[in-house]
Amino acid sequence: MRRGTTPTITFTLPVDASALQAADITISNPGGAYISKSLEELTKSGPKLSIRLTQEETLRLRENSVVKIQCAIRLGSGVCIRSQIHEEPVEGALKGVPV
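Let me sum up the structure you'll find in this document.

Definitions and cut-offs
Residues numbered from 1 in each chain as written. Predicted model: local features only at pLDDT ≥ 70, side-chain atom pairs only at ≥ 80, totals over all residues. Heavy atoms only, no water. Pairing = 2+ DSSP bridges. Helix = DSSP H or I, 4+ residues; strand = E, 2+ residues; numbered from the N terminus. Axes fitted to C-alpha atoms, helices over the stretch in contact; angles between N-to-C directions. Buried < 20%, exposed > 50% of the residue type's maximum accessible area, 1.4 Å probe, protein only. Contact = heavy atoms within 4.5 Å.

**Considering the sheet that holds strand β4 (residues 43-45)**
Now for step 1: Strand order in the open sheet formed by three strands is β1-β5-β4, with antiparallel pairing between adjacent strands. Taken across any chain shown, the strands that pair with only one partner, and hence form the sheet edges, are β1 (8-12) and β4. Geometrically, the sheet is characterised by an average inter-axis angle of 20° between neighbouring strands, direction not taken into account.
Now for step 2: Bridge analysis of β4 against strand β5 (residues 48-52) gives three bridges, and the strand direction is antiparallel. By the bridge assignment for β5, K44 is matched with L49.

**Observations regarding the environment of E41**
Now for step 1: By the secondary structure assignment, E41 is in the loop between β3 (34-38) and β4.
Now for step 2: Here E41 falls in the partly exposed class, since its relative accessible area comes to 42%.
Now for step 3: As a C-alpha pair, E41 and I25 span 16 residues in sequence and 9.6 Å in three-dimensional space.
Now for step 4: Here E41 is in contact with S36 and I51, once residues within four sequence places are set aside.

**Focus: the pairing of strand β2 (residues 20-28)**
Now for step 1: Pairing of β2 with strand β6 (residues 66-75) involves eight bridges; the strand directions are antiparallel. Across the sheet, the residue bridging to T26 is Q70, located in β6.
Now for step 2: Pairing between β2 and β3: five bridges, direction antiparallel. Looking across to β3, one finds that D24 is bridged to S38.
Now for step 3: In sequence, β2 turns back onto β3 through a hairpin of five residues, with G31 there showing a positive phi of about 80°.

Interpretation in functional terms is not warranted from these geometric data alone.
Right, here's the structure in full:
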């Protein structure tokens, strides 16, 4: 993930996203940003759940570090599922302000 960009993070779920009662995608960057987006802020399409980060959000990430990303969902039946934690390296940008 490069600082100052607008990446889309997508998770493929074991169920259709319309069956979700609650969900969040969390991005943690130790010593940097902590970003958490709830179901209302996520895009649902069939079994996919995604979020597009803003330039401002990715500029809060520490260069030459690693972000951890996890998706958590709760179904109407009360069943809760969390994805594995994915790690992505954070690459720098020459200019640390939005375009």
